[in-house]
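Structural description and commentary
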Amino acid sequence: MLLGFLAACAIGFDVPYDIPQQTVPGDAVSHAAGTLLSGSPVNPFALNVNLQQEEQANHVSVISHVHLSSLELDITSGGGDCFDFVSSVTISVSSTKSGTTLQPAVIATGSNPGCVKKFVLSPTSVDLKPYIDEGASVTSEGQGVPPDHSETFNGKLVLHAET
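Within each chain, residues carry numbers counting from 1 in the order of the written sequence. Local features are withheld for residues below a pLDDT of 70 in this predicted model, meaning they are given only at 70 or higher, and side-chain atom pairs are given and counted only at 80 or more; totals for whole chains, interfaces and linings count all residues. Values shown for side chains rest on all heavy atoms present in the structure; no hydrogens or waters enter the calculation.

With respect to the overall build of the protein
The helix and strand tally for the protein stands at 4 helices and 9 strands. Only DSSP runs of H or I reaching four residues or more are called helices, and only runs of E reaching two or more are called strands; each is numbered from the N terminus. Traced from its N-terminal end to its C-terminal end, the protein shows the element sequence α-β-α-β-β-α-β-β-β-β-α-β-β. A principal-axis box enclosing the C-alpha atoms of the protein has dimensions of 65 × 35 × 25 Å. Counting over 163 residues, the protein shows a buried share of 36%. Excluding contacts between residues fewer than 6 apart, the proportion of contacts in the protein whose partners are at least 24 apart in sequence is 83%. Shrake-Rupley sampling with a 1.4 Å probe provides the accessible areas, and residues are treated as covered by the protein chains on show and by no other component. For the protein, the exposed area adds up to about 8,800 Å²; of that, 53% sits on carbon and sulfur atoms. Counted as positive: Lys and Arg. Counted as negative: Asp and Glu. His and the chain ends are not counted at all. Charge positions come from single atoms, namely NZ of Lys, CZ of Arg, CG of Asp or CD of Glu. In the protein, which carries 5 positive and 16 negative side-chain charges, the distance between the mean positions of the two groups comes to 5 Å. Remark: exposure states derive from per-residue accessible area (1.4 Å probe, protein chains only) relative to the maximum for the residue type, with buried under 20%, exposed over 50%, and partly exposed in between. Only heavy atoms enter the contact rule, under which two residues are in contact if any of them lie within 4.5 Å.

Topic: the confidence of the model for the protein
Every residue carries a pLDDT, the predictor's confidence in it, which falls somewhere between 0 and 100. Per-residue pLDDT for the protein has a mean of 88; in total, 91% of the residues score no lower than 70. Averaged pLDDT values over the elements of the protein bottom out at 44 in helix 1 (residues 2-8) and peak at 98 in strand 6 (residues 105-111). In this model, residues 1-8 is a region of pLDDT below 50 whose contacts with residues beyond four sequence positions or in other chains number 0 contacts.

Given below as structure tokens:
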């Protein structure tokens, strides 16, 4: 019983991380034709989180696990000002370490957000700590039609670290 109580008292804290601003090029002809495209809607970016600094800042001795608790993309400017051009998006993490044994893993997915300025993706339960320890790179795959006009967006992800 004491063990269960102690496990329930694990200390955790959130670490916010900004996703750099990006632009999806518009193509009025392909948009009007409904031409489906596949590709990378979010440019790859490094997930640089210094876990030792986070341990010190949050007064914990060691971080055991890191999970994605939220990921959202926000339209900042563009033609239609919404994500209605997106059919699906898959966000993955991979290690940047040469010779790693870690396989790329899906960390969030989303589909058919409709005409919204904020696209909230659903996180998976992947433990990101081994990737962050080795150096993590975030990539995406997606499907949809190109927007009528170029759309610019940024985003935020929140990691939850546990001791």
